[in-house]
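So the chains spell out like this:
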Amino acid sequence: MSRLSGTASLPRGMHHHAAALKTLPRHMISLSDYSAEQIAALVESAADFKRKTKEEGQTYHPDAPLRGQTVALLFSKRSTRTRVASESSIAYLGGHAMFLGKEDIQLSVNESLRDSAQVISSMVDGIFARVGAHSEITTLAEHSSVPVINALCDENHPTQILADLLTIWEVYGGRRPGASTMFDVFRGLRVAWVGDANNIVYEMLAAMPKCGFDMRVCTPAKYPIPESVRVRAQGDAEKAKVSVEYFTDPLDAVRDADIIVTDTWVSMGQEAEKAQRLRDFQGYQVSREMAEKGGAKSDWTFMHCLPRKPEEVTDEVFYSDRSVVFQEAENRKWTILAAFAALLPKKN
């Protein structure tokens, strides 16, 4: 079955970390705040939701854990996958999604973010926020009386990386029949990032080393990974006995890679830099030739969080059977659903 189907090899019978769902932090700002076991528990929960829906036909949660509750969706940036995934997930859990775009409320316009956090959280049961600066999501969390989940900020994107982990588990679980846990599947896989130093790779570095992946990170010299991110990732890698290395030549980064990942080179808010960035990232387009010349594994997998632009990856790779980008996109729903189910229901 093609890996583009999004339903192949749904994981089952490997759910060893459910107890960790009871110990999650109140908010989800970054996966750096979560242990490997807590991350695994969320991914396992997401796989369960996906399997029950796709294989058992369960279109809503039988217990409706968010019945009578409202979740505010604060989006100061455009969104496709995140908005669709969040609204449909809240409906699945029996709750009401209240979308609040930047034109709908006075977020940081005539009212401070601190005041908005206190007012909004007094009337809802959870906040899912897609913001700009990292300081905005931390301010929301600090002054909110309800759980805050980070839907994206300039330093972190936790629900995206949870979706990536679920996708990798689906793709590689069937290739390791002797694996008894998710970590058995992950350990030894080599992930190569070829692209910008942005929130996606920062969050990958916050989660993947502690989960057992070897990472190879390639960015142009003028776009380095921040030292604070590197230090944390190195500490996690040493504890997990894996490696994290950094490169500026994509051919060095993809050597022996199982998975090659990229993302946009021009994020929202960087449009004025586009021409310069396209020059700076010459040679970074992921292609079959790059993978072969660099010596990636013969069965390497391609991932991208979307939306994709042609300069980042060739059509030949993007639409090939080795690409799991649409499976990865769909998994945004299941991992956001798992996060909502774990963090938002009121506890008796």
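Above this text sits the structure in question.
All residue numbers refer to positions counted from 1 along the written sequence of the respective chain. Residue-level local features of this predicted model are given only where pLDDT is at least 70; pairs of side-chain atoms are given and counted only at 80 or more, and the full residue set underlies all totals for whole chains, interfaces and linings. With hydrogens and water set aside, each side-chain value is computed from the structure's full complement of heavy atoms.

**Examining the overall build of the protein**
Then, in step 1: A count of helical and extended segments in the protein gives 13 helices and 9 strands.
Then, in step 2: Across its three principal axes, the protein shows a C-alpha extent of roughly 55 × 50 × 35 Å.
Then, in step 3: For the protein, the residues scored as buried account for 57% of the 348 residues in total.
Then, in step 4: Should any heavy atoms of two residues lie within 4.5 Å, those residues are considered in contact. Across the protein, contacts joining residues at least 24 apart in sequence account for 74% of those joining residues at least 6 apart.
Then, in step 5: Accessibility throughout is a Shrake-Rupley quantity obtained with a 1.4 Å probe, and a residue counts as covered only by protein chains that appear here. For the protein, the accessible surface area stands at approximately 14400 Å², while carbon and sulfur atoms represent 49% of it. In DSSP terms, a helix is any run of H or I states spanning at least four residues, a strand is any run of E spanning at least two, and both are numbered starting from the N terminus. A simple rule labels every residue: compare its accessible area, found with a 1.4 Å probe on the protein chains alone, to the largest value its type can have, and call it buried under 20%, exposed over 50%, or partly exposed in between.

**Points about the pattern of salt bridges**
Pairing between side chains of opposite charge can happen when the charged atoms of each approach one another.
Then, in step 1: Salt bridges, as used here, are contacts in which a Lys or Arg side-chain nitrogen is within 4 Å of a carboxyl oxygen on Asp or Glu. As enumerated under the stated definition, the model contains 15 salt bridges in all.
Then, in step 2: Between Arg288 and Glu289 there is a salt bridge whose closest N-O contact spans 3.2 Å.
Then, in step 3: On the basis of relative accessibility, which here comes to 35%, the residue Arg288 falls in the partly exposed class.
Then, in step 4: Through salt bridges with shared partners, a single network forms among Arg288, Glu289, Glu292 and Glu316.

**Considering the side chain of Ser89**
Then, in step 1: Mapping Ser89 onto the fold places it in helix α2 (residues 81–92).
Then, in step 2: Residue classification places Ser89 among the buried residues on the basis of a relative accessible area of 0%.
Then, in step 3: Excluding anything up to four places from it in sequence, Ser89 contacts Lys333, Ile336, Leu337 and Phe340.

**What about the packing of aromatic side chains?**
Then, in step 1: Working definition: a ring pair exists when centres of Phe, Tyr or Trp rings (six-membered ring for Trp) sit within 6.5 Å. Plane angles under 30 degrees give stacked, over 60 give edge-to-face, the rest tilted. Tallied over the full model, the rule gives 10 aromatic pairs.
Then, in step 2: Centre to centre, the rings of Phe128 and Phe340 are 5.1 Å apart; their planes meet at 85 degrees, and the pair counts as edge-to-face. With Phe128 in strand β3 (residues 126–130) and Phe340 in helix α13 (residues 325–343), this pair connects stretches of sequence that are 212 residues apart.
Then, in step 3: Judged by its relative accessible area of 0%, Phe128 falls in the buried class.
Then, in step 4: Taken together, the ring pairs connect Phe75, Phe99, Phe128 and Phe340 into an aromatic cluster.

**Details of unusual backbone geometry**
Then, in step 1: Leu306 connects to Pro307 through a cis peptide bond whose omega is 0 degrees.
Then, in step 2: Along the polypeptide, Pro307 turns up in the loop between β9 (301–304) and α12 (315–318).
Then, in step 3: Even without a glycine there, the phi angle at Ala64 is positive, about 40 degrees.
Then, in step 4: Position of Ala64 among the secondary structure elements: in the loop between α1 (36–54) and β1 (70–75).
Then, in step 5: A positive phi angle, near 60 degrees, is found at Asp256, a position not held by glycine.

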